[in-house]
Amino acid sequence: MSASPAQQERRSRMLNAAMKLAAEGGYDAVQMREVADHAGVALGTLYRYFPSKVHLLVAALASQFEQAEAITERRVITGDTAHERVMKILGGTTVSLQKQPQLTEAMVRAFMFADASVLGEIEQVGDRLTRMIARAIAGSPDHGQATEEEAAIIRVIADVWLSALVSWANGRSGASDVEKSMDVAVKLLLKD
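Every value quoted in this text rests on a predicted model; they were computed, and no experiment measured them.

As a further point, take the packing of helix 7 (residues 119-138) against helix 8 (residues 148-169). Packing of helix 7 against helix 8 leaves a shortest axis separation of 10 Å and a crossing angle of 115 degrees. Taken together, the axes of helix 7 and helix 8 are roughly perpendicular relative to one another. Crossing of helix 7 over helix 8 shows right-handed handedness. Here helix 7 contributes Leu129, Thr130, Ile133, Ala134 and Ile137 to the contact with helix 8, which in turn contributes Glu150, Ile154, Ile157, Ala158 and Trp161. Residue classes in the contact of helix 7 with helix 8 are distributed as eight nonpolar, one polar and one charged.

This model, assessed by the stated rule, comprises 10 salt bridges. Of the charged contacts, one joins Arg109 and Asp28 as a salt bridge, the two residues approaching to 3.9 Å between their closest N and O atoms. A residue pair is termed long-range when its members are at least 10 positions apart, and Arg109 in helix 6 (residues 101-113) and Asp28 in the loop between helix 1 (5-25) and helix 2 (32-39) qualify at 81 residues. The exposure class assigned to Arg109 is partly exposed, which follows from its relative accessible area of 25%. Its salt-bridge partner being Arg131, residue Glu69 comes within 2.5 Å of it at the nearest N-O pair. Here Arg131 lies in helix 7 and Glu69 lies in helix 4 (residues 53-74), a separation of 62 residues in the sequence. Classification of Arg131 as partly exposed rests on a relative accessible area of 27%. One continuous salt-bridge network, built from bridges that share partners, spans Glu66, Glu69, Glu73, Arg128, Arg131 and Arg135.

Here we come to the environment of Ala23. Among the structural elements, Ala23 can be located in helix 1. Separated by 80 residues in the primary sequence, Ala23 and Leu103 place their C-alpha atoms 4.2 Å from one another. Sequence-distant contacts of Ala23, that is, excluding residues within four places in its chain, are made with Gln100, Gln102 and Leu103.

Moving on, we get to the nonpolar core. Formed by 63 residues in total, the largest nonpolar core has its most connected members in Leu46, Leu56, Leu90 and Trp161. At the level of secondary structure, the elements contributing two or more residues to this core comprise helix 1, helix 2, helix 4, helix 5 (82-98), helix 6, helix 7, helix 8 and helix 9 (175-190). Leaving out residues up to four positions away in the same chain, Trp161 has contacts with Phe65, Leu90, Thr93, Thr94, Leu97, Leu129, Val178 and Met182.

Evaluated as defined, the whole model comprises three aromatic pairs. Centroid distance Tyr27 to Phe113: 5.7 Å. Interplanar angle 75 degrees. Geometry classified as edge-to-face. Of this pair, Tyr27 sits in the loop between helix 1 and helix 2 while Phe113 is found in helix 6, placing the two residues 86 residues apart along the sequence. For Phe113, a relative accessible area of 47% puts it in the partly exposed group. Considering the side-chain rings of Phe65 and Trp161, the 5.7 Å spacing of their centres and the 20 degrees angle between planes classify their relative orientation as stacked. Here Phe65, found in helix 4, pairs with Trp161, found in helix 8; they are 96 residues apart in sequence, far enough to count as distant. The aromatic ring of Tyr27 is capped on one face by Lys53, whose charged end is 4.0 Å from the ring centroid.

Criteria and thresholds
Residues numbered from 1 in each chain as written. Predicted model: local features only at pLDDT ≥ 70, side-chain atom pairs only at ≥ 80, totals over all residues. Heavy atoms only, no water. Axes fitted to C-alpha atoms, helices over the stretch in contact; angles between N-to-C directions. Helix = DSSP H or I, 4+ residues; strand = E, 2+ residues; numbered from the N terminus. Parallel < 35°, antiparallel > 145°, perpendicular 65-115°, else oblique. Left-handed = near helix turned anticlockwise from the far one by under 90°. Contact = heavy atoms within 4.5 Å. Nonpolar A, V, L, I, M, F, W, Y, C, P; charged D, E, K, R; others polar. Salt bridge = Lys/Arg side-chain N within 4 Å of Asp/Glu carboxyl O. Buried < 20%, exposed > 50% of the residue type's maximum accessible area, 1.4 Å probe, protein only. Core = buried A, V, L, I, M, F, W, Y, C linked by side-chain atoms within 4.5 Å. Phe/Tyr/Trp six-rings, centres within 6.5 Å; stacked < 30°, edge-to-face > 60°. Lys NZ or Arg CZ within 6 Å of the ring centre and 35° of its normal.

Here you go:
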């Protein structure tokens with residue numbers, strides 16, 4: 001059963017409120033009552049959509065990736081090799097995430113804390129990331145379904161990327177370190 005336009009709009013308001021609070025104060029600033037107040041919904045409504053702060057922030061990450069994925073659906077990723085195209089996608093997404101460090105820290109932290117109850121939201125993040133990278137590998141916006149081999153490679157790339165983002169979000173590494181880690185991983189895995 002798909003959500004009505006009113007439900008989609010309400011969900012969007014709640015995600016936007018959570019992202020605004022996270023952008024201003026990080027993970028700890030996202031309190032469910034505050035999110036409900038900022039979104040103009042009852043606390044019970046917020047909990048029906050998102051049973052916890054972790055659900056909410058992982059869904060926010062999926063929303064961020066939805067926007068990035070839309071770009072790969074509309075245009076060809078430039079680059080002569082799969083390595084160049086994948087780095088362009090990951091680099092652009094990383095730069096976008098680094099523009100709002102507290103929001104990124106909150107979403108990445110929630111993703112790390114997520115347990116099996118957040119599986120649906122985690123799968124949305126993974127599916128969007130897989131489709132973006134698969135399109136970059138193939139060099140075509142029409143390539144939405146990764147092959148089995150591509151999916152295995154993409155899982156490793158995503159794990160390295162997430163690990164690098166965690167180090168950056170926690171202040172253990174700089175932005176250039178994220179790019180270096182990704183470049184090495186992508187180069188080794190794609191061998192092109």
